[in-house]
Amino acid sequence: MATSTVPGPAAVTAETLEGSNLGDRLFKSALTIAALAVPVLMGFLVYELYVGAHLAIQKYGVGFVTGSTWDPVAEQFGALPLIFGTLLSSVLALIIAVPLSLGVAIYLTEFAPNAIRQPIAFVIELLAAIPSVVYGLWGIFVLIPFLKSAIFPFLRETLGFLPFFQGPIYGPSMLSASIILAIMIMPFIMSVSREVLNAVPGSQREAALALGATRWEAVISTIVPYARSGIIGAIILGLGRALGETMAVTMLIGNRNEISASLFAPGYTMAAVIANEFSEAATDLHFAALAYVALLLFVVTFLVNAAARLLIWRVSRRPSGGKTT
Amino acid sequence: MNRRILRRWVSNFMVGLMVAAVIVAVLPLLLILLTLIVKGASSLSLNFFTRPPVPAGETGGGVAHAIVGTLMVVGVAGLIGVPLGIGAGIYCAEYPGTRLSKITRFIADVMNGTPSIVVGVFAWTWIVARQKHFSGYAGSAALAMLMIPMVMRTTEELIKLVPHSLREAALALGYPRWRTSLSIVLRTALPGIVTGSLLAIARTAGETAPLLFTALGSQFMSFNMNEPIAALPLTVFTYAIGPYEEWHRYAWATALVLILVVLVLSIAARLATRRRFGLNG
């Protein structure tokens, strides 16, 4: 009886929540503007880069990627050595950083005593807070002299039969840059794979141990395969960081625009050429070529990051008792 | 029997390797901090913090210009980036199912992975090329763009942590939605959002690449954001690749100051967040 005379509570809330209230409408509009700003800014970024690069895109088209001369004076621009340097330094960095960061991540999730898990993870994540330019400074004055006097000669003597470790030893080189890059991306790979490994349900581990596996066998046969796509995602995320890293690489790679088999030789990367030449570019075409490089770098990191997100997302969304495939 | 011993030995050996990996991974941080202190601390003095640089060859200069520059450029960036980031974060947490929030979330991830040098080029074509001169504002715009996704994701995550019952209680008492969001939900999450924003500010304060052709750097004390302005990371870069021994000493000292600022902010932010979550259970 009472319900028929009093307006239903559902009607009232619906009315209030659907925005008849002025405050609510203002609130939502303000937030919508902030939320819209993100895609709008990003779209504007792509547009501006495209417009900036237009001259170079028109002149070189896709051939920009395969041209190997970069000569601002003669107005000849090709990005192949830059792309090569970017890819090589990033892949080398991954080769160094992946085993280390996975080792640390697995140790921290599976083996470490509880008391030291947090402190070690914290210390390694602090590495991610160090500004890139400080890595560069340290690299120039501490890492390079050490590598040049101790590590590089040793590598040349023991592995000198490989083309990668031949030729004169310079301080600033592809290998120096890769080593500093490895240190810089390690915290990212470590913390993401730690999250992924933590998400592996305990039952998986217990099942392996119950079948008589040693702890290492449990890790390698059960836990790592279960987290596989997430770990690959973490590695790709690290790759994305390495591709776009600028300052430390610019300071350590030697900035020489050629493709060389030897890792002791200087190289150049896409990010480094922008950092070095952009504020001094004299001609419109030079600017356009640099903006083209920036656009390429953006597209590559975008694809790499999207792939990484997709893989990590797949693991974290998996039901906890799910299949291991 | 033999096989079991072998398997156990392999297991122990792999654990040993992992401990070695931990040591190798922690070593760089210790080495970097150590060299910064050893090489940088001796050059720190009152002059260093209070005076602008002197021409190469003379002594007694400082990096006051860069400290002021960093404070101004990062401050303005924070004024733009933090409110936008928080607003977008609230939107994504309050209206999670809408198409806009899905797009914004995705784009924020893209933005977060965009190399900072690319953002620098964008700020150049957007602001510097149109104004025809380098400026601190262009640098702030680039840094703000880097802050937005970081602040946004933290805000969203923290708002999602606020128990639903709080929101329901406020709505049941007749609060309109905007007041519920602002004075109940946001207030509960506020300390975490503040520390998250501080972390984002600390991260961007150390960025060099986006400032290279926006704020550009300068050797003089300046309070004018509409002209080239110095910043600590730019000063480290210029001094590090410069030819003079004196400059290298300054590079180390400036880097020490920079890293102290960044690390103190990061550690404070993290400790504050952790204590807070501890209290909440």
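Every value quoted in this text rests on a predicted model; they were computed, and no experiment measured them.

Novice: Help me out: how do you make sense of the overall build of chain A in this one?
Specialist: Within chain A one finds 13 helices and 2 strands. Computed over C-alpha atoms, the radius of gyration of chain A comes to 26 Å, more than 25% over the 20 Å expected from 2.2 N^0.38 for 325 residues, which places it beyond the range of a compact globule. Projected onto its principal axes, the C-alpha coordinates of chain A cover approximately 95 × 65 × 35 Å. Here chain A, with 325 residues, has 47% of them falling under the buried criterion. At a minimum sequence separation of 6, the contacts of chain A that also span at least 24 residues come to 75%.

Novice: Sorry if this is basic, but what is going on with the interface of chain A and chain B here?
Specialist: Accessible area lost when the parts come together is the quantity often used to give the size of an interface. Taken residue by residue, the interface counts 68 residues in chain A and 72 residues in chain B. With 18 residues, the top contributor of residues to the side of chain A that touches chain B is helix H3 (residues 22–60) of chain A. Classifying every residue of the side of chain A that touches chain B gives 48 nonpolar, 15 polar and 5 charged.

Novice: Would you mind showing me how to read helix H5 (residues 116–131) of chain B here?
Specialist: Residues lying three or four places apart along an α-helix face the same way, a consequence of the helix completing one turn every 3.6 residues. Residue and element names in this part refer to chain B. The end-to-end C-alpha distance of H5 is 21 Å, a good match for the 22 Å that 16 residues give at a rise of 1.5 Å each. A maximum bend of about 40° is found in H5 at Trp124. Of all 16 residues making up H5, 12 are buried, and the element is well covered by its neighbours. What H5 keeps buried is the set Ser116, Ile117, Val118, Val119, Gly120, Val121, Phe122, Ala123, Trp124, Thr125, Trp126 and Val128. Looking at the residues trailing H5, positive phi occurs at Lys132, about 65°.

Novice: I keep staring at the environment of Leu199(B) and nothing clicks. Help me out?
Specialist: Residues and elements named next belong to chain B. Within the fold, Leu199 resides in helix H8 (residues 177–205). Judged by C-beta crowding, with 23 C-beta atoms within 10 Å, Leu199 ranks as buried. Once the C-alpha coordinates of Leu199 and Gly69 are considered, the two residues, 130 residues apart in sequence, prove to be 19 Å apart. Among all residues touching Leu199, those that are not within four sequence positions of it are Ser266 and Ala269.

Novice: Just to check I follow, could you spell out the nonpolar core for this structure?
Specialist: Counting residues in hydrophobic clusters, the biggest one holds 201 residues, and the most contacted among them are Ile274(A), Val293(A), Ala294(A), Met147(B) and Val236(B). For this core, the two domains that each supply at least three residues are domain 1 (2–43) and domain 2 (48–280) of chain B. Once residues within four sequence positions are removed from consideration, Ala294(A) is found in contact with Leu49(A), Ile274(A), Val118(B) and Val121(B).

Novice: I would appreciate a short explanation of the domain arrangement of chain B in the present structure.
Specialist: All names here are of chain B. Annotation of chain B at the domain level lists domain 1 (2–43) and domain 2 (48–280). Here the C-alpha centroids of domain 1 and domain 2 sit 32 Å apart. Considered class by class, the residues forming the side of domain 1 that touches domain 2 number 3 nonpolar, 2 polar and 1 charged.

Novice: What am I meant to see in unusual backbone geometry here?
Specialist: With the exception of glycine, most residues fall at negative phi, and the peptide bonds are largely trans. Residue and element names in this part refer to chain A. Phi at Glu75 takes a positive value of approximately 55°, unusual for a residue other than glycine. Counting through the fold element by element, Glu75 comes out in the loop between strand S1 (70–71) and strand S2 (76–77). When the 13 C-beta atoms within 10 Å are taken as the criterion, Glu75 is described as partly exposed. With phi around 50°, Asn255 is a residue other than glycine that occupies positive phi space. Tracing the sequence through the fold places Asn255 in the loop between helix H11 (247–252) and helix H12 (270–277). The class of Asn255 is buried, set by 20 C-beta atoms lying within 10 Å.

Novice: What is the right way to read the packing of helix H9 (residues 215–226) of chain A against helix H1 (residues 2–40) of chain B from this model?
Specialist: Each pair of packed helices can be summarised by the angle the axes make with each other and by the distance between the axes. Viewed as axis vectors pointing N to C, H9(A) and H1(B) meet at an angle of 75°, and their least axial separation amounts to 7 Å. Comparing the axis directions of H9(A) and H1(B) gives the class roughly perpendicular. Residues Arg215(A), Trp216(A) and Glu217(A) of H9(A) form the contact with H1(B), whose own contacting residues are Arg7(B), Val10(B), Ser11(B), Met14(B) and Val15(B). Tallied by class, the residues present in the contact of H9(A) with H1(B) amount to 4 nonpolar, 1 polar and 3 charged.

Novice: Quick question: what am I supposed to make of the environment of Gly97(B) here?
Specialist: As for its placement among the helices and strands, Gly97(B) is situated in the loop between helix H3 (64–94) and helix H4 (99–113). The class of Gly97(B) is exposed, set by 6 C-beta atoms lying within 10 Å.

Novice: Is there a simple way to explain the packing of helix H6 (residues 136–161) of chain B against H8(B) in this structure?
Specialist: Residues and elements named next belong to chain B. The geometry of H6 relative to H8 is characterised by a closest axis approach of 8 Å and an angle of 150° between their N-to-C directions. Considered as vectors, H6 and H8 are oriented roughly antiparallel to each other. In this structure, the crossing between H6 and H8 has a hand that is right-handed. Contacts between H6 and H8 pair Leu143, Leu146, Met147, Met150, Val151, Thr154, Thr155, Leu158, Ile159 and Leu161 from the former with Val185, Ala189, Gly192, Ile193, Gly196, Ser197, Ala200, Ile201, Arg203 and Thr204 from the latter. Taken together, the residues that form the contact of H6 with H8 break down as 13 nonpolar, 6 polar and 1 charged.

Novice: Looking at this structure, how should I read the confidence of the model for chain B?
Specialist: Low pLDDT means the predicted coordinates in that region are not meant to be read closely. Residues and elements named next belong to chain B. When pLDDT is averaged along chain B, the result is 89, and 96% of the positions lie at 70 or above. Here residues 277–281 is a poorly scored stretch, pLDDT under 50, and it has 0 contacts once near neighbours within four places are set aside; other chains count. Reported confidences for the modelled complex are a pTM of 0.90 and an ipTM of 0.91.

The rules behind the values
- Counting starts from 1 at the beginning of each chain's written sequence and moves along it residue by residue.
- Key to labels: chains lettered from A, ligands numbered from 1, both in the order written.
- Predicted model: local features are reported for residues with pLDDT of at least 70 only, side-chain atom pairs are reported and counted for 80 or more only, and whole-chain, interface and lining totals are derived from all residues.
- In this text, helices come from DSSP runs of H or I with a minimum length of four residues, and strands from runs of E with a minimum of two, each type numbered from the N-terminal end.
- As a reference, a globule follows 2.2 Å times the number of residues to the power 0.38, and the radius of gyration itself is taken over C-alpha atoms.
- Burial is judged by counting the other C-beta atoms within 10 Å of a residue's own C-beta: 20 or more makes it buried, 12 or fewer makes it exposed, and any count in between marks it as partly exposed, with every C-beta position built from the backbone.
- By the criterion used throughout, residues are in contact when their C-beta atoms, derived from the backbone, lie within 7 Å.
- Charged means Asp, Glu, Lys or Arg here, nonpolar means Ala, Val, Leu, Ile, Met, Phe, Trp, Tyr, Cys or Pro, and polar covers whatever is left, Gly included.
- The length a helix should cover is 1.5 Å for every residue beyond the first.
- Note that bend, as reported per residue, equals the angle between axes fitted to the 7 residues terminating at that residue and the 7 residues originating from it.
- Definition of nonpolar core: a set of buried Ala, Val, Leu, Ile, Met, Phe, Trp, Tyr and Cys residues joined via C-beta atoms within 7 Å.
- The split of the chain into domains comes from an automatic or database domain assignment.
- An axis is simply a line fitted to the C-alpha atoms; with a helix, the fit covers only the stretch in contact. Between two such axes, the angle follows the N-to-C directions and lies from 0 to 180 degrees.
- An angle counts as roughly parallel when it lies under 35 degrees, as roughly antiparallel when it exceeds 145, as roughly perpendicular when it falls between 65 and 115, and as oblique in every other case.
- Handedness of a crossing follows from how the near helix is turned relative to the far one, being left-handed for an anticlockwise turn of less than a right angle and right-handed for a clockwise one.
- pLDDT expresses how confident the predictor is about each individual residue, on a scale running from 0 to 100.

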